[in-house]
Amino acid sequence: MKIDFVAEAGAAGVLAILVHDGRSLAGAGGDHDAAADRSLTRAMSASRFTGGANSSLIIAAPSGVKADSIVLVGAGEAGKFDDLALETAAGAAYHAVKLSGAETLTIDLGHLSAAEAARAAFAVRLAAYRFDKYRTKEKPDKIPSIQTVNIITGDIAAAKAALEPLNAVADAIYFSRDLVAEPANILYPAEFARRVKELERLGLKVEILGEKEMEALGMHVLLGVGQGSVRESQLAVIQWNGGKAGDAPIAFVGKGVCFDTGGISIKPAAGMEDMIWDMGGAAAVAGLMHALAGRNARVNAVGVLGLVENMPDGNAQRPGDIVKSMSGQTVEVINTDAEGRLVLADALWYTQDRFKPKFMVDLATLTGAMIVALGLDYAGVFSNSDALADAILAAGPKVNENVWRMPLPPQYDKIMDSVNADVKNSAGRDGGSITAGLFLQRFTNGVPWAHIDIAPVAWVTKSTRTTVPDGPVGWGVRLLDRMVADTYEG
């Protein structure tokens, strides 16, 4: 789909006009209404459409207007019309007409700034995402017809310039969403690593460690998760050096379990197909590194992805096994379905040991307990650093990715002690997300660190956001990119 900026509507296929609460036409809406002999006002009066956010009203073949049809798009309260409200409106405009048969949508934002026009274009890109590569018999009327979206603005050159960094972020979100959507027979650890390696075209440096290299490093806890699979485990190390030479990097670590059966502690059959997105944390970190490179961020950053497949097999790890981690700590495996924290344990230790980062943030679809605690619209943040946690919490509302800080109480830490080893990987259901975070904290070596449990938000079944279609969200790319831009770029 082509997105462009134009100075006027011309002969638009569909013309989108913003309407605020109270049926107040925005910008040139009043002029279009006058040209159409007030048919827009009459249509609103004859309907329940009042301009509320994420609502629309289509008016076919209005007289006096060059467009074939007009879509009135609810923009909500005028006094609260910020960037996120604009994104919602632009996404709503696209969704209202994407199956209409029209090929061109023009959104009239001539009354807004060039930066806001760019923001709308960014929102349309996110709204238009589809993972359809495996659909071979889709009916034509189910395929979006919109081929071109034009955004009316008073400064085309400035809008194009403002869109460049946003396009880099949109590309990264697409990359992350595609990774999460792929089935596990296509996206296994080596294939994930290969796709990440291709990001070197953006100026990133990518290293891929196989099982022999990880064995030499003593990463037996990570390797234990994948030992039941015929697919070799991988560790992808991504570096972006956009900051000052010699500055310590900031680091991000992702759980990349490309498929999770639960191993010997096997999951129930119902819903197991969802475990294709148990690598959502690694996809988010890969997407973040894509975004930082794409917009030439002024920061040194490292992304480390632990990529495994957790399968039941004659060689699979057993409950009761004791394994030595890269840190030297021994781990008793109580539950092989508590595997993500085992992957992260070695990946976190490797990251702090090799790169000496300013801080580490890990992302993981780690616990079902996080969904029980926070529902399906918040990720949980656990941290040993108030400054780091505050930076994450501040970024969330700016990009509509909700986070909630959770505790790491010291009195719970002893629950993770093992009778037979230094630590056990599971302590049961009570406080399950908290004890998982406390397990991870033991492998940070005191480095400022935050753990973001994205189990509730990596995949959405019935999206309520116009820029997030059903399916893979790419959650975390915008959040962490904004955090980096606001707090850590030089």
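For the structure itself, consult the block above.
Before going into details, it helps to say that this report is about the structure given with it. (Residues numbered from 1 in each chain as written. Predicted model: local features only at pLDDT ≥ 70, side-chain atom pairs only at ≥ 80, totals over all residues. Heavy atoms only, no water.)

A rise of 1.5 Å per residue sets the reference length of helix α10 (residues 340-355), with its 16 residues, at 22 Å; its end C-alpha atoms lie 22 Å apart and thus fit the reference within 8%. Counting buried positions over the 16 residues of α10 gives 14, a clear majority of the element. Immediately beyond the C-terminal end of α10, within one or two residues, lies Lys356, with a positive phi of roughly 45°. (Helix = DSSP H or I, 4+ residues; strand = E, 2+ residues; numbered from the N terminus. Expected span 1.5 Å × (residues − 1). Buried < 20%, exposed > 50% of the residue type's maximum accessible area, 1.4 Å probe, protein only.)

Running from amino to carboxyl end, helix α5 (residues 156-181) crosses helix α9 (residues 280-294) at an angle of 160°, the nearest separation of the two axes being 8 Å. In this view, α5 runs roughly antiparallel relative to α9, as classed from their interaxial angle. Crossing hand, α5 versus α9: right-handed. Of α9, the residues touching α5 (which contributes Ala168, Val169, Asp171, Ala172, Phe175, Ser176, Leu179 and Val180) are Gly280, Ala283, Ala284, Ala286, Gly287, His290, Ala291 and Gly294. Looking at side-chain class alone, the contact of α5 with α9 contains 10 nonpolar, 5 polar and 1 charged residues. (Axes fitted to C-alpha atoms, helices over the stretch in contact; angles between N-to-C directions. Parallel < 35°, antiparallel > 145°, perpendicular 65-115°, else oblique. Left-handed = near helix turned anticlockwise from the far one by under 90°. Contact = heavy atoms within 4.5 Å. Nonpolar A, V, L, I, M, F, W, Y, C, P; charged D, E, K, R; others polar.)

This part is about the pairing of strand β18 (residues 449-453). Of all the 5 residues making up β18, 5 are buried; the element is thus mostly covered by neighbouring parts of the structure. Sheet topology places strand β14 (residues 360-364) next to β18; 5 bridges connect them, and they run parallel. Looking at the pairing, Met360 lines up with Trp449 of β18. As paired elements, strand β15 (residues 379-383) and β18 share 4 bridges and run antiparallel to each other. Following the sheet pairing, Gly380 is matched in β18 by Asp453. (Pairing = 2+ DSSP bridges.)

With that out of the way, let us pick up the nonpolar core. Grouped together as the largest cluster of nonpolar side chains are 61 residues, with contacts concentrated most on Phe192, Phe252, Leu305, Val361, Ile392, Ile452 and Met483. With 9 residues, α9 is the single largest residue contributor to this core. Not counting the four nearest positions on each side in its chain, Ile452 is found in contact with Val361, Asp362, Leu363, Ala364, Ala379, Gly380, Val381, Ile392, Trp475, Leu479 and Leu480. Ala251, Val333, Phe355 and Met370 belong to the second largest nonpolar core, which has 46 residues in total. (Core = buried A, V, L, I, M, F, W, Y, C linked by side-chain atoms within 4.5 Å.)

A few words now on the sheet that holds strand β12 (residues 322-324). Across the sheet, 3 strands lie side by side as β12-β13-β17; this open sheet has mixed pairing. Every interior strand has two partners, whereas the edge strands, β12 and β17 (423-424), have only one. Taken together, the 3 bridges between β12 and strand β13 (residues 330-332) define a ladder with antiparallel strand orientation. If you follow Val323 over to β13, its bridge partner there is Val331.

Time to look at the sheet that holds strand β10 (residues 250-260). With mixed pairing, 8 strands are arranged side by side in an open sheet as β8-β9-β11-β10-β14-β18-β15-β16. Of all the strands in the sheet, the pair left with one neighbour each is β8 (205-209) and β16 (403-405). Here the strands of the sheet are splayed against their neighbours by 20° on average, with no regard to which way each runs. Bridging between β10 and strand β11 (residues 300-310) involves 10 bridges; their strand directions are parallel. Bridge assignment links Asp260 to a residue of β11, and that residue is Asn310. Of the strands in this sheet, β8, β9 (234-241), β10 and β11 touch helix α6 (residues 189-197), which is tilted by about 160° from β11. Against the sheet, α10 makes contact with β8, β9, β10, β11, β14 and β18, and its axis sits at roughly 155° relative to β10, the strand it touches most.

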